[in-house]
Structures are given as structure tokens and as C-alpha cells.
Amino acid sequence: MVLDRVLDLRGLINDLVVDGRMAQVDANVLLGASRTREQAIMHPLAYVASQNLEDLQRPGKTLDGDTLSEWLANKARLPLFHIDPMKIDVAKCTEVIGYAFAKRHGILCVKVEPDHVVIACTQPFMGGWEPQVEHVARRTVKRVVANPADIERFMVEFYTLARSVSGASGATAASAITNFEQLVELGKASDPDANDQHIVKIVDWLLQYAYDQRASDIHIEPRRDVGRIRFRIDGVLHYVYELPANVATAVTSRFKVLARMDIAEKRKPQDGRIKTRRSDGSEIELRMSTLPTAFGEKLVMRIFDPEVLLRSFTDLGLVGDDYARWYSMLTRPNGILLVTGPTGSGKTTTLYSSLRQVATDEVNVSTIEDPIEMVEERFNQTQVHHKIGLDFAAGIRSLMRQDPDIIMVGEIRDLETAQMAVQAALTGHLVLSTVHTNDAPSTIARLLDLGIPSYLINATLLGVMAQRLVRTLCPHCKEEGHITSEHWQELVSPWKVNVPAKVYRPVGCLECRNTGYLGRQGLYEILTLSESLKEKVVPDCNLQDLRRLAMKEGMRTLRLSGAQKVAAGLTTMEEVLRVAPPPEKAS
């Protein structure tokens, strides 16, 4: 193939018409239109994609950027490459080609291998740049076609990030991070400052990138010579980037400055929070936590999306009989409702959604939290402050004098807090809180272990909901799968439930970043304390007997709840088995 033809708008449109992808009438309109500024600055393929024209070979669908990129790749007989920034080594790729050269030729290095480099191009019929790249990289070039809009976007992002990291790390040639292997190199410049413009840009990029990738947590982890950045997306950690150690330290310091933490204190853990405003005007809060490690401070940021407060129980996956049982307890005038599960299982989201259901103008909803995770105007929220003696127990004691109807306690973790929650329930208040146990029946044993008498548990506890989060299948790419009766019985045991007629398996596409999963929903196990169950709640409570009776009265285990979502085509058996403990071991 002779690589000397520039892909212009007229040539692109003519090729689309010849290949039967674009209607002649649409082509005439585009070719007859006067040249606009948008047309002048946009790549021809991106401009055609912006017109939302019908694809003749896919009735009802348009010629979007991805479709046109795939067509162009086939036309040029080159592989199609989808740019996933989380799978690209930005530092290596930006070293192969300079920004000015990449911009001039519309190319972007997307992979560096020992013997070749992969270059995504916007002009697949032009190849005059190849010899220069091969000479500089000392590797052969493999050309691929990618969406021109993606190439232009990530070209700016990648090179801006690379310049910022390079500019920040230029302050010193070695790590001066505080760790147990501290090495002082004489004659070296100091580390970059937290307010350095390069550090500011890196922090801005990191936050925007995390929001775009739907991350729930950001981890900045110091190592001997580098700082690793990882995102938690749909409950799974993904490697993102490596920064030089001194740059990672400065980035951590920058976050500490923004969160009004003590940047000089690196010996003990600290907590803080930041509120950010995105370009679309939405506000997102981040809760920060630092922890001293062998190689410096580790920083973890939990991202609280304000849309979480707007999610209904249906969005959370609490539907049908489970919703009816939970709502019936939630609308009781007094008593204790507990939500249990490990860290990151969605307990706080469930509590906030529950409070929103009952927070009307006629009731006073007050919370005591550590810390306040999401601010909601309909609640009266108080944060624990241990330095001045304001803990959960003291907070409940004070709230009792604030004429509350509903009290939410962040967590019951000791006897004093549990006693105050019981006292509040006995005096006519509805109390919601969380505990850390593996399943719903185990919560009874936990309260007894804390020292709450069985008769007070029977008098105040309305019910317990255990929960887990499972990744849901991507609706854009999931396919029918197969499941054996033996594997199905492993999931639903001890119940006898027929194998569903249809199940699905993950595949992977652009929408889900080739994971096969997109978003998460809850699995729920709801125990309602009936009169017969109260007879089982005694000082020497037999947990297995309690669990069996609860199941007989309608409590569905976490695994059975998961099996229902598998049968509904929402998730997979592997996901449910990964997060939900077997009933006999959930203690």
C-alpha cells in the first residue's frame, strides 16, 4: 500500500458512500455545506461522527466515532486499537515520540515492547513518519487505527501529565522520602513543594481521572523508589500509574494541604476531607486517611458521589420481599435496626437511602457519625470528636435532649454505645446503626458479646440486614452462559432451587473497560426478630438454631439473594461465591 494519501473530508465521505455506509443525500448535504470553523479544526472522521448520520448497514444506529474507526481500520487493513488509559504506560509511551512530532503527524504511542512500538494514527494512509520513529525508538513500528477523538484527547492528557511529572521530579535526582531506610545524599536539591505548579497539575489530573473511571477509592502507596497509584473500581483495585518517590511524596503533601491536615506530621495517621467541584458543576466529596508505612505515608481517598444520596432501593438492588420486610421495620416508631457487613459493603449508602425515605418535615432525623461521609440537608449531622470527649455514646446522650424521632449512629463498636442505643430505643426513638459481623444472625451473638442482656435485645431489636456488593454484568456485552446443576446447588444450598433456564457470562467491551462488569448491586439477608426468634435469644444463644429458625421463617441467605440475581441475569455465580460466605461458615 502506498502511504501518501491524506484522509480529507471529501475522500472520507466518498468512501463511505461507495462502501454503502452513508446515504448519498447525507453526503450531498455534508459536501454542499459551507466550511465551518468546527469542520476546519476537527478530524474528518470526528466531524462525520458529530453529525449523527444513519449507518445504512446498521438500521436505527448512527455512524459514531467507534463505528467509523472500525470501518477505517478495515479500509486501511490495520488493527483497531481502543485506547484504555489505565492499560497504557504513559511514562514509557511519551518518551518514544515528542509532543510536537506526535501532534504534527496525528500519532500516539500506545505500547512499548522490547522489539517494537505500537503507534495509533489518525491518518492511516500516511506513513512518512515511520522511519524517524523507528530510528529514535530503535524498534520497529506497528501501526494501528484508533478513534481520532481519543487520540487527540489522550495526547494532551498524557503529555501534560508526563511534563508535570518530569518537571516535579527534576527538583531532585533521588528520593528523599522519610522511611526506615533513610539515605541522605549530599549536594542534592530539595524535593518539589506541595504548591509547585507541576504537583498541582498532577493532583488535578488524578482527581479528574478517578471521576472519569468511576473509581470509589484512590490509593497512593509509597515504595522504595516509586509511588504507586491504584483505583478501586467496582470493588476491584486497578493499577494506574507510578510516580517517582519524591513526586509521590509531594502529591501526598498537596492532598494534605487541601484537606487542612498537618503536613509536617508524618509519624501518625491523620484524617481529613476535601470537597471538589467538577467542570460540569457537580460537587464531589473525598474522605482522606494517611497511614505511616515503611517507605513513607500511604494515602487513601474515598470518593463520595453525591448521586449516591439520590439512589432508590431499586437502584441498590433491594427489591421484592426483602424491600417489603426492610421498609416495614423502617417505618416502626421505635426500636433498633442494624446493618452489618465488612468495610466497603455499602452499609453507609443503605443507611443514607433509608433515612431519606423517612426524613420528612414531620420528623427530626439526627445522626452521629465518624466521620460525616455525605452531607444531606434533611439530616442534622454531628461528627465524633474524640479529643473533646464527643464519642458515639456521648453523641447519643446529647441527641436524646434534641427531641429526635430517628437517630442514626455511625457504628456500634463498644458496650457504652450499644447501651445508649438501647436506651434511646426504649424511650421511643428509632435507632439505625451498623456493626461488623459476617451475617445477620451473628449480630445477635455480637450484641451478647458486647454485654447487652438478652431481654434488652428482645425488647429493642427490630431486625438486622446483612449485605454485600457484587459486580453486575455489563448490559452491553453479556452473553448467554451455562451452569451445571452441581455448581448451582453449591450456591443455593441448603434450599432446593431449580437451575435457571438462562444465565449470562461476562464478555468485555468498551463500556465496561473489557471487564464484563459495569456497576454494583447489593445482596441482602434480612432477619426480622419475630416472637419465636426472641425465644432463641438467650444468654447462651445457639447461633445455628437461631439461623435455622430464621431461614424457616423466610430469611434468605446472602448466597440465595445472589442466586436470585444470577437467575435474573444481573450477575454471575462466581461473583456471588466471591463475596457471600456459605451459611454454615458465616459466624
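Definitions and limits used
- Residues numbered from 1 in each chain as written.
- Predicted model: local features only at pLDDT ≥ 70, side-chain atom pairs only at ≥ 80, totals over all residues.
- Heavy atoms only, no water.
- Domains from an automatic or database assignment.
- Contact = heavy atoms within 4.5 Å.
- Buried area = accessible area lost by both parts, 1.4 Å probe.
- Helix = DSSP H or I, 4+ residues; strand = E, 2+ residues; numbered from the N terminus.
- Nonpolar A, V, L, I, M, F, W, Y, C, P; charged D, E, K, R; others polar.
- Buried < 20%, exposed > 50% of the residue type's maximum accessible area, 1.4 Å probe, protein only.
- Axes fitted to C-alpha atoms, helices over the stretch in contact; angles between N-to-C directions.
- Parallel < 35°, antiparallel > 145°, perpendicular 65-115°, else oblique.
- Left-handed = near helix turned anticlockwise from the far one by under 90°.
- Pairing = 2+ DSSP bridges.

A short note on the domain arrangement of the protein chain
One can read the domain layout of the protein chain as domain 1 (9–75), domain 2 (90–146), domain 3 (156–170 + 195–304) and domain 4 (309–469 + 521–555). Here the C-alpha centroids of domain 3 and domain 4 sit 34 Å apart. On the domain 4 side, the residues contacting the 5 residues of domain 3 number 7 residues. Note on domain 3 versus domain 4: buried area summed over both sides is about 510 Å², and carbon and sulfur give 48% of it. Per-residue buried area on domain 3 facing domain 4 is highest for Arg 273, Arg 287 and Phe 304; these three make up 72% of the total on that side. For the side of domain 3 that touches domain 4, the elements supplying multiple residues, two or more each, are strand S8 (283–293) and strand S9 (296–304). A per-class count over the side of domain 3 that touches domain 4 returns 1 nonpolar, no polar and 4 charged.

Observations concerning the environment of Arg 547
Considering the arrangement of structural elements, one finds Arg 547 in helix H21 (residues 543–552). The exposure class assigned to Arg 547 is buried, which follows from its relative accessible area of 3%. Each C-alpha atom of the pair Arg 547 and Asp 439 lies 9.7 Å from the other, and the pair is 108 residues apart in sequence.

Some details on the packing of helix H13 (residues 320–330) against helix H14 (residues 347–358)
What describes two packed helices is the angle between their axes and the distance between those same axes. Close contact between H13 and H14 brings their axes to 11 Å; oriented N to C, the two are set at 60°. On the basis of their axis angle, the class for H13 and H14 is oblique. Where H13 crosses over H14, the handedness of that crossing is right-handed. Along its contact with H13, which presents Tyr 323, Trp 326, Tyr 327 and Leu 330, the element H14 presents Ser 354, Gln 357 and Val 358. A per-class count over the contact of H13 with H14 returns 5 nonpolar, 2 polar and no charged.

Re the sheet that holds strand S1 (residues 107–112)
Sheet strands line up and pair through hydrogen bonds in the backbone, either parallel or antiparallel. Taking strand neighbours across the sheet as the criterion, the 3 strands line up as S1-S2-S3 in an open arrangement whose pairing is mixed. The outermost strands of the open sheet, each flanked by one partner alone, are S1 and strand S3 (140–145). Mean inter-strand twist for the sheet, computed between neighbouring axes without regard to direction, equals 30°. Two elements, S1 and strand S2 (residues 116–121), share 5 bridges in a ladder whose sense is antiparallel.

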